[in-house]
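Here is what each chain is made of, one letter per residue.
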Amino acid sequence: MAFQNSPTSLKWRLNCRSGMSFLFFLLCLSHIVFSQIRYTIPEELKRGSVIGNVAQDLGLDVYRLRSGRARIVTGQSIQYTELKTDKGILVVNERIDREQLCGDVTPCSFSFEVILENPMELHRITVEITDINDNSPTFRKDNIVFEISESATLGSRFLLASAGDADVGINGLQKYILSANDIFGLKQHSNPDGRKYAEMILQKSLDRESEPRISLKLIATDGGTPHRSGTVNIDIIVLDANDNPPVFNQSLYRAAVSEDSFKGTYITTLNASDADSGSNGLVTYRFSNMEEKLAKIFNLDEITGTVTLTGLVDYEKDKKYEIMIEAMDQGGLTDSSKVLIEIIDVNDNAPVINVMSFSSPVPEDSPPGTTVAIINVVDADSEQNGQVICTTDRSLPFRIKSTLTNYYALLTDAPFDREVVPEYNITVRAADSGSPPLSTTTILRLRISDVNDNAPLFEQTSYVARVAENNSPGLSIFSVKARDIDWNQNARISYSLEETQSSGNPTSSYVSINSDTGAIHAVRSFDYEQIKQLKLVVKAQDGGSPPLSSNVTVTILIEDQNDNPPQVLYPVQTGGSVVGEMVPRSADVGYLVSKVVAVDVDSGQNAWLSYKLQKVTDRALFEVGLQNGEIRTIRQVTDKDPVNQKLSVIVEDNGQPSRSATVIVNVAVADSFSEVLSEFTDFSQDKEYNDNLTFYLVLALAVVSFLFITCLVVIISVKIYRWRQSRVLYHSNLPVIPYYPPRYSDTLGGTGTLQHVYNYEVCRTTDSRKSDCKFGRAGSQNVLIMDPSSTGTMQRIQSEKSILDEPDSPLEWPNSLFNTGGDEERLPYR
């Protein structure tokens, strides 16, 4: 079919063939008048609402519409408009929903043709549907949960779930609003396709201890009039001690997959690293802001970051997919990346696995038959190719049971033991019955939670520790260690002492134990001579509910130290005893004179005693047994041997360092007691005399020393006193008041005695008691004028500068003799 345009009409040339309808035959023979008009209306108009006056806009009258049997020709299944030929108007026939009609396509319009006969006319009418704000922004979930570590760095970003709005343009989603708070801020972004999403940015450091949970609201608003909005709750759980977020090694991952790829087909592997260690460094992956239809197509292994195909892809529907991936560590810190998956066009369909519900973790005491997950398996194929069989690995303690159509329950098939296997990676496989069969697999990571089913176990069945006596209180003696193979609080062990008695006292009065480390400390100093050992019962208890415990016996052996010197039991040393033993002069070699008996309250080698002669009057006459302390003669006693023999025996133990005691043994070499008595009487008198002489010598030495010190103090005091007096007199400026004898009392009263004028110069040495006066020097500054009435005083003619330091100090002037005409005059001082 070919057509040609002209300014006013369109002429058609049609090659008609057999079997074509009569209408097209008429079109082949006639000239067709063609015009096109366009109307714009809002969506959701009521049925019967006028769209436009077709007759007027086409330049036709109503009669022409009726006579030409005007009718609408459309290829749509729903006829949205109706032509009223009696009025020449176009009205709404069915409800028009722009979102249902066009989706996201703008502008949205549909076209149809109006045909008239006699003559034949063909007119195209295009109706553009404009959007009204009839849809509110909505979130896929009502609640968003974030687990964020309190050590998250400022500026950390958290991708928020995007809202969807079926409206377009200004009526579509415009912005996000985060409820007022001082911790998180909001930043909005736009994808290349115009979709908006938001990130929550940490602006203030988190503190789990003060605010362990934060609740916010995210509001999505459009730009219509009136505004419409949608809200989602954000629950933020603050975790402890995780300060490094995961970081993807790429910001964009590119991959390609054929549309006939099997479910489980590997697409790409994401890689995010976390600088933390332990559980905080364990990174898990998840899809973020994924549309529901994409969640059925792709699967992300949360452990390995492997993206696999779990659903059907159709090149004719979508040529590529953009997926936001979020990597999160155990502390809740996240990073995001994008995966761009391009679809290679082929023709296939494979089953799709949807995990509808998954309970992880499950307690280790769950009975067999417990439901772990509900799985939905759908195959877009039909008949035999759509029949799906769901299985799992038979080596694992799980089985799959079919419940409803396309639904399967993953059940436990045996008891769990977390201490043996803490988690399972369950591979669920869904395969259809086609030829060749197509299948899809997904991996569920099931963690087993701990139950307090194991009591703490000590490393040994009993413990033996040693500690030396005389220890300092607080000394760490020993540490016990118990292990609990449970986890977390159930494995947290505390140690305590069971209340037992030792030597009548509670064991807690001897030792204490650190409840956290199991270290046993001495409460007081031990004495081996009082207590040789302690038996303790240590209890290790975990923190489970109810708690489990176990006991162990700890024996503490007190080790002896050489802290006691030997004690001599015999001979007893008393002040009044002089003669200890008597040896006859006829004694032979080896004669037993005496035996020194000593004991040591220590034990072991610290109590091994040895005896030695320290001092002896005649070393060639006596010896002492090294081990038994027996004193024996080593030669024949002679008459020349003195009667009085004095032996000093030292007793030493074998400790390190050794301790000793000394005993004096007086031995008398005589045949009779009277001989001994006379000898020892003289000895006593000499001893008494010597003792008295020593006493007097010491007393004399003390007296001489006292006198010497006293004299030394007196001499120093006198010197100091004289020095102070010399200083005072040297600085004195007091006047000298002379004493006049009676014969000078009336020199001017007619006695004829001449008036005397005396000049004196006072000189003194450093010793004021040796000061004297000298007679006149001409021009002396000190002039004494004698008053003729004998009532005057000598005055200082010329003043001197006062340098007296101590005005109240006494001055002593000696009585000086002044020879005036053979008379002696004494000048008193004032």
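Since we're looking at a predicted model, the values are computed, not measured. Within each chain, residues carry numbers counting from 1 in the order of the written sequence. Local features in this predicted model are restricted to residues of pLDDT 70 or higher, and side-chain atom pairs are both shown and tallied only at a pLDDT of 80 or more, whereas totals for entire chains, interfaces and linings draw on every residue. With hydrogens and water set aside, each side-chain value is computed from the structure's full complement of heavy atoms.

**Student:** Go over the pairing of strand β35 (residues 439-449), please, and point to the residues and values.
**Tutor:** Every other side chain in a regular strand lies on the same face of the sheet, so the side chains alternate between the two faces. The sheet contact formed by strand β29 (residues 362-363) and β35 spans two bridges and is parallel. From the neighbouring strand, Val 362 faces β35, where its bridge partner is Ile 448. Paired strands, as defined in this entry, are two strands with at least two bridges between them according to DSSP. A helix here means a DSSP run of H or I that spans at least four residues, while a strand means a run of E at least two residues long, and both kinds are numbered starting from the N terminus. Two elements, strand β34 (residues 423-432) and β35, share nine bridges in a ladder whose sense is antiparallel. By the bridge assignment, Val 428 is partnered in β35 with Thr 442. Connecting β34 to the antiparallel partner β35 that follows it, the hairpin turn spans six residues.

**Student:** Which residues make up the state of the cysteines, and what values do they have?
**Tutor:** When two cysteine sulfur atoms lie within 2.5 Å, the pair is treated as a disulfide. Following the criterion strictly, the structure yields one disulfide and no others. With its sulfur 1.8 Å from that of its partner, Cys 102 forms a disulfide with Cys 108. Between Cys 102 and Cys 108 the sulfur-sulfur dihedral comes to about 70 degrees; the bridge is accordingly right-handed. Comparing Cys 102 with Cys 108 shows no difference in burial state: the two are buried. Remark: exposure states derive from per-residue accessible area (1.4 Å probe, protein chains only) relative to the maximum for the residue type, with buried under 20%, exposed over 50%, and partly exposed in between.

**Student:** Can you lay out unusual backbone geometry for me, pointing to particular residues and giving the numbers?
**Tutor:** Here the amide bond leading from Asn 118 into Pro 119 is cis, since omega sits at -5 degrees, within 30 degrees of zero. Here Pro 119 lies in the loop between β8 (108-116) and β9 (121-130). Across the junction of Ser 545 and Pro 546, the peptide omega takes the value -5 degrees, indicating a cis bond. With respect to the helices, strands and loops of the structure, Pro 546 is situated in the loop between β45 (533-542) and β46 (549-559). Even without glycine at this site, Arg 69 takes up a positive phi of about 50 degrees. Inspection of the secondary structure assignment puts Arg 69 in the loop between α3 (62-67) and β5 (71-73). The exposed category is assigned to Arg 69, whose relative accessible area is 55%. The phi torsion at Asn 470 lies on the positive side, around 65 degrees, for a residue other than glycine.

**Student:** So what's going on with a nonpolar patch on the surface? Residues and values would help.
**Tutor:** Together, Phe 695, Tyr 696, Leu 699, Val 703, Phe 706 and Leu 707 make up an exposed nonpolar region whose accessible area comes to about 660 Å². With respect to the helices and strands, the residue Tyr 696 is situated in helix α6 (residues 673-730). Taking relative accessible area as the criterion, Tyr 696 reaches 53% and is therefore assigned exposed. Patches were defined on residues exceeding 30% relative accessible area and lacking a salt bridge, with like-charge contacts within 9 Å and nonpolar side-chain contacts (Val, Leu, Ile, Met, Phe, Trp, Tyr) within 5 Å. Only the protein chains shown count as cover for residues, and the accessible areas themselves come from Shrake-Rupley with a 1.4 Å probe. Take a side-chain nitrogen of Lys or Arg and a carboxyl oxygen of Asp or Glu: if they are within 4 Å of each other, that pair is a salt bridge.

**Student:** Please provide a residue-by-residue account of the environment of Leu 333, values included.
**Tutor:** Of note, Leu 333 is situated in the loop between β26 (320-329) and β27 (334-344). Distance from Leu 333 to Ser 156, taken between C-alpha atoms, is 8.1 Å for residues 177 residues apart in sequence.

**Student:** Kindly report on the sheet that holds strand β55 (residues 660-669), identifying the contributing residues and their values.
**Tutor:** Reading across the sheet, the four strands line up as β48-β55-β54-β51 and stay open at both edges, with mixed pairing between neighbours. At either margin of the open sheet sits one strand with a lone partner, and together these are β48 (581-583) and β51 (609-616). The average undirected angle you get between the axes of adjacent strands in this sheet is 35 degrees. Bridge count between β51 and strand β54 (residues 644-653): seven bridges; the pairing is antiparallel. Looking at β54, one finds that Leu 613 is bridged to Val 649. To obtain an axis, a line is fitted to C-alpha atoms, over the contacting stretch when the element is a helix, and the angle between two such axes runs from 0 to 180 degrees between their N-to-C directions.

**Student:** If you had to explain the pattern of salt bridges to someone new, which residues and values would you point to?
**Tutor:** Scanning the entire structure with this criterion turns up 19 salt bridges. With its nearest N and O atoms 3.4 Å apart, the salt bridge here joins Lys 204 to Asp 182. Here the residue Lys 204 occupies a position in the loop between β16 (196-202) and β17 (213-222), and Asp 182 occupies one in the loop between β14 (173-178) and β15 (184-190), the gap between them amounting to 22 residues. Overall, Lys 204 belongs to the partly exposed group, its relative accessible area being 39%. Judged by its relative accessible area of 52%, Asp 182 is exposed. Of the charged contacts, one joins Asp 413 and Arg 399 as a salt bridge, the two residues approaching to 3.5 Å between their closest N and O atoms.

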